[in-house]
Amino acid sequence: MAHLILQGFAASLSPVNVALMALGVVIGIVFASLPGLTGAAAMTMLLPLSYGMPAVSAVLLLIAIWNAAVWAGAVPAIVMNIPGTSAAAATLLDGHPLAMKGHAQRAIRTSIIGAFVGSIAAAIALLFVAPLIGNVVIYLGPAEIFAFASFGLTLVVSITRGTLAKSIISVLIGLFVGTIGFAPSGFARFVFTPNLLSGVALIPALIGLFTFPELINLIHHRRPRIVQVEPSNERDLFLFRAQDWARHWFNFVRSAVIGVFMGIHPGAGPTISSFITYNEARRVNKSDPPFGEGNIDGVIASDTGANAAVLSGLIPAFTLGIPGSVDTVIIIAALTLHGLQPGPTLFLQHAAFVYTIFTGAFVANILMLVIGLFAARWTAKLALVPTRFLLPIVTVVALVGAFAVNNNWFDVLIALLAGLLGYGLRSMGISTVPLLLGLILGPILETNLYQALQVYGSIWAAIFTRPIALAFLLLSVGSLVHALISRRHHKVGTDVV
Amino acid sequence: MARKFRGGVGASAALGFAASMVLMALPTASAAAPKYPTRPIEIIVPYAAGGGVDQTARALAPILQQELKVPVIVSDIPGAGSITGTSVASDSVADGYTLFFDSPGIIDAPWIERGVPFGPQSFKYVGQITYIPNYLAVSVTSPFKTLKQLVAYGRKHPNKLKAPFTAGWPSTDVMGAEFAFDAHLKFTTVSGFTGGPAELLSAIAGRTSFSYNNTGEVLSDVRAGKVRLLATSAPTRSPVFPNIPTFEQQGFPVAVGVWQGLAAPAKTPQYVMNVLDKALAEAAKSPELKKNFAKIGITVDYLNSPETTKLIYSEYKSDGALFKKLGVAK
Amino acid sequence: MTRLGEKVGYAAMIVGAAVLIYVSRSYALQDGAYPHIVLALLAILAAVALYNSFKASQQDLQREEAATEPKAESGAMWHVVIYIGLTLLFILSWNWIGTLPAAFLFSGVLVVLNGERRIWMIIALPVLLTVVLYVVFQSFLYLPLPRGFFLR
């Protein structure tokens, strides 16, 4: 194994591979920093070009894009209140308030360092436990995934501000939109045009839901730019000093560990992971300002948690061929395009390949940290771009980005409709973050409940013969009760996310 | 209203003018067949990048490019099973510069889903380039060593066996339904799978009794000794798994595989079709294509235009009959 | 947002949920039960919120308005409507004149409407944006952006 790891580093550190990974990191950052363009779109468009490369280089390029894009989605979330990827939706909760106070650069730097810590944790997991865990994941069936998704849904109660009823209304709308398209039985629901058969595409909906309300707000309030406050001139040294680490190290570690587990779990992924780690940090943190008003621990938790769940998602992908997200679908595709079948034999027959990828993950992470820290300075300045330039650029790029996901014009329309819905909800004081959570978790929840009923015969058989499922369900009830009680104790503001 | 009407006339007049300008610019010699192709050709794949159909198209594109001497670009337009991309392709300009990569999705969707604007008649078929057999797979821990044992158990215990189902009727599940029907078996259907790999995982974990997969999906697990194949839906045994008998050999006339090939919108002129027919036939002979296909685990199974057309229409009819028997036809 | 807008919003949710339940009334239990529960809960919560919104006193209203963002200038709402209308027109025009020409025109119009008067800026931004879109997406990544009917 040590031999394989050394060999892996030798291969992944070849000049060509390092250059490709650096290119991937830059592409990931550029795509995810522009609202509307996503890492998934970049990966989809680059996959055909990777056909001519060796398998190792192609996969290293793709994971570099993916990992960097999940982090860089935090940049527009912080600066513009528009998450560049769905995983950054938790980042904006505290990241954007920080930017509004003139601390955009601090928030961005914190997010890149968090992402780095999370990614390294994921890379360690890949390197040392991937083959072991692959066999365990097989036994996480529909009952477990259902219970887990219910746990994710209970987060809605605690993470969002504003009245509880409004958050629940938002999540219900998300759950409903998630039912459009094929039902688990194969029946087509609410399909008013065949374009809706496979449901409302998540990424175009995300683009619209967050981009348009923000742009419309700029027009409505005649704001000359997003952030009014001039960034402070004194040098911000947060996380460059030992005392910051003494205070926050546990948050990094906790979020990284939770994130890695979320990445391995089928049906979770970076988005759910970042919400869970954010919620955990919020639960234990009593410092000022409160979460939701610009607490740096919120940014640490969400970004560490998101990136810890990125590369660890390769564990089920490589060992079982099971993709956890669009991005892993593309990575599996890159493997099969080069004649490598993901699955149990991948580790046996192509060990050199696998270990080159796994060690390459470390190299890609370091490149991301270096390039990200360098980029943090000037990406923070995005918030100062005048509205009259920002508006046309972001609108056009967002809509082209919505098209680029599936090369489908209908998705562009979906983005605009989602945007109008988001604007309407936000002007009623309803946050759209729970809607996103409902839209992601709804189909997982329903499909796995339906499947569990068919496999185990009844809901009780499904729960009581599956201890892990039962544990997660109890956990969700507990978390719900806890959140409801603590909501009663703390006066909750009426701010809108 | 009048204004709008006038605007309409103006627009079409402008169009007519533009069209006549274009016509004037073209060489007037229309007696000989126009030269084709002179600019890049786009092949629409109605599935996501990296899917099975996309992989085949991308393996074929460079070879076609050598034959046609213009760039051949693959565009994926996924969505709604394969309906979005197929609709776009069937509706595109029939000038030979937008082609389509066809697979069984085009003959199944028109039977099942409402509002599908295409059918097999929406395309002209250049030819089939590959055929991918499907398999019925069980976990190695399963008590069923042969298809016969599975059928015998299933007949004795109706609804005891759990069969997987993926929404949108991929060809693997059409095979499963056909098999259940021919063998007079009743299964408990476990639906909500996202595709072949998820079905296989569920079978390995013992949550379902078996799964329906294509070659690529089972390859790794068969070699690792986790999965046993009981039958293949190909008309003959697959060269990849020569010891797996076909359904036909075991007494069930199930032959549902994934054919893939090149097609063009129905109104494409004959001189274009002639060029494409020749290019695909030549590409099929190329050793480089064989190598490209082997890399992604498929074989070159070329059929010419009339053969492909005949096959597609006959499968269109037989699938329609199956869906009607199953009660899922719209 | 005024209280009126909020009331309209909740009413729209109730009506929307009712219409969606109505159109899906024939769905089988396995397909219909879950969306129906979601929609019914949505309608109930929206109804409660609507009721509360009527009940809320004038005092609450004033306090809330003071807490939210500064009131937009009159006329700004028109800008929002124009922006949304132009965006819709932009999307629809993709299939007519093609994405790139549409993006050129749309971004130019938006720059002007947002108060830019320097002529070189009005030209530079749309040109740069269109060129970047063309180079990156169309010629490098082969994104099949709609080309419009006369460029096909």
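Just so it is clear, the structure is predicted and the values come from calculations on it, not from any experiment.

*Asks:* Looking at this structure, how should I read the overall build of chain B?
*Replies:* In terms of regular secondary structure, chain B is built from eleven helices and ten strands. Projected onto the principal axes, the alpha-carbon positions of chain B cover approximately 75 × 55 × 30 Å. Residues classed as buried in chain B amount to 54% of the 330 residues present. Accessible surface, chain B as shown: approximately 14,400 Å² in total, 60% of it carbon and sulfur. For chain B, the separation between the mean place of its 32 positive charges and that of its 23 negative charges on side chains is 4 Å.

*Asks:* Can you walk me through the packing of aromatic side chains in this structure?
*Replies:* Centre-to-centre distance and the angle between the planes together describe a pair of aromatic rings. Counted according to the given criterion, the structure contains 29 aromatic pairs over all chains. By way of ring pairs, the aromatic residues Phe179, Phe187, Phe210, Tyr212, Phe247 and Phe252 of chain B are connected into one cluster. Arg388 of chain A extends its terminal NZ or CZ atom over the ring of Phe389 of chain A, reaching a point 4.9 Å from the ring centre. Geometry around Tyr97 of chain B places Arg39 of chain B over its ring, the cationic atom sitting 4.0 Å from the centre.

*Asks:* In this structure, what is going on with the interface of chain A and chain C? I would like to understand it.
*Replies:* Think of interface size as the accessible area that goes away when the parts come together; that is how it is often given. Facing 57 residues of chain A, the contacting portion of chain C comprises 59 residues. Connecting chain A to chain C are one salt bridge. Here Lys166 of chain A ties to Glu6 of chain C by a salt bridge, and the two come within 4.0 Å at their closest N and O atoms. The interface formed by chain A and chain C includes six residue pairs in polar contact (both at pLDDT 80 or more). When contributions to the side of chain A that touches chain C are tallied by element, the ones reaching two or more residues are helix 3 (39-46), helix 9 (164-179), strand 2 (188-189), helix 10 (202-220), helix 18 (387-406), helix 19 (409-427) and helix 20 (433-456) of chain A. In terms of residues, the side of chain A that touches chain C owes the most to one element, helix 18 of chain A, which gives 13 residues. Considering only residue class, the side of chain A that touches chain C consists of 41 nonpolar, ten polar and six charged.

*Asks:* Before we go on, may I ask you to explain the packing of helix 3 of chain A against helix 15 (residues 326-337) of chain A in this structure?
*Replies:* Residue and element names in this part refer to chain A. Interhelical geometry of helix 3 versus helix 15 gives an angle of 20 degrees and a closest axis separation of 9 Å. As judged from the angle between their axes, helix 3 and helix 15 are roughly parallel. When the axes of helix 3 and helix 15 are compared, the crossing they make is left-handed. Residues Ala40, Met43 and Thr44 of helix 3 form the contact with helix 15, whose own contacting residues are Val326, Asp327, Ile330 and Ile331. Counted by class, the contact of helix 3 with helix 15 contains five nonpolar, one polar and one charged residues.

*Asks:* Help me understand the pairing of strand 1 (residues 41-45) of chain B in this model?
*Replies:* Within a regular strand, the side chains alternate between the two sheet faces. Residue and element names in this part refer to chain B. Of all five residues in strand 1, five are buried, a share of seventy percent or more. Burial of strand 1 is two-sided: the residues Ile41, Ile43 and Val45 facing one way and the residues Glu42 and Ile44 facing the other way are all buried. In the sheet, strand 1 pairs with strand 2 (residues 72-76) via five bridges, with the strands oriented parallel. What sits directly across from Val45, in strand 2, is Asp76. After leaving strand 1, the chain enters helix 2 (residues 52-68) and then returns to the sheet as strand 2, a path that is right-handed. Taken together, the three bridges between strand 1 and strand 3 (residues 98-102) define a ladder with parallel strand orientation. Paired with Ile43 across the bridge in strand 3 is Leu99.

*Asks:* In this structure, what is going on with the domain arrangement of chain B? I would like to understand it.
*Replies:* All names here are of chain B. Partitioning chain B into structural domains gives domain 1 (41-131 + 257-326) and domain 2 (134-250). Across the boundary between the two partners, domain 1 contributes 13 residues, which contact twelve residues of domain 2. Taken together, both faces of the contact between domain 1 and domain 2 bury some 1,000 Å²; the carbon and sulfur share is 72%. At the surface where domain 1 touches domain 2, the tally comes to zero salt bridges. Of all the secondary-structure elements, those providing two or more residues to the side of domain 1 that touches domain 2 are helix 4 (105-112) and helix 11 (305-326). A total of five residues in the side of domain 1 that touches domain 2 trace back to one element, the largest contributor, which is helix 11. Tallied by class, residues from the side of domain 1 that touches domain 2 come to seven nonpolar, three polar and three charged.

Parameters and conventions
Residues numbered from 1 in each chain as written. Chains lettered and ligands numbered in written order. Predicted model: local features only at pLDDT ≥ 70, side-chain atom pairs only at ≥ 80, totals over all residues. Heavy atoms only, no water. Helix = DSSP H or I, 4+ residues; strand = E, 2+ residues; numbered from the N terminus. Buried < 20%, exposed > 50% of the residue type's maximum accessible area, 1.4 Å probe, protein only. Areas by Shrake-Rupley, 256 points an atom, 1.4 Å probe, with all protein chains shown as cover. Lys, Arg positive; Asp, Glu negative; His and termini not counted. Charge placed at Lys NZ, Arg CZ, Asp CG, Glu CD. Phe/Tyr/Trp six-rings, centres within 6.5 Å; stacked < 30°, edge-to-face > 60°. Lys NZ or Arg CZ within 6 Å of the ring centre and 35° of its normal. Contact = heavy atoms within 4.5 Å. Salt bridge = Lys/Arg side-chain N within 4 Å of Asp/Glu carboxyl O. Polar contact = N/O pair within 3.5 Å; in protein donor to acceptor, adjacent residues only side chain to side chain. Nonpolar A, V, L, I, M, F, W, Y, C, P; charged D, E, K, R; others polar. Axes fitted to C-alpha atoms, helices over the stretch in contact; angles between N-to-C directions. Parallel < 35°, antiparallel > 145°, perpendicular 65-115°, else oblique. Left-handed = near helix turned anticlockwise from the far one by under 90°. Pairing = 2+ DSSP bridges. Right-handed = clockwise from strand over helix to strand, strands pointing away. Domains from an automatic or database assignment. Buried area = accessible area lost by both parts, 1.4 Å probe.

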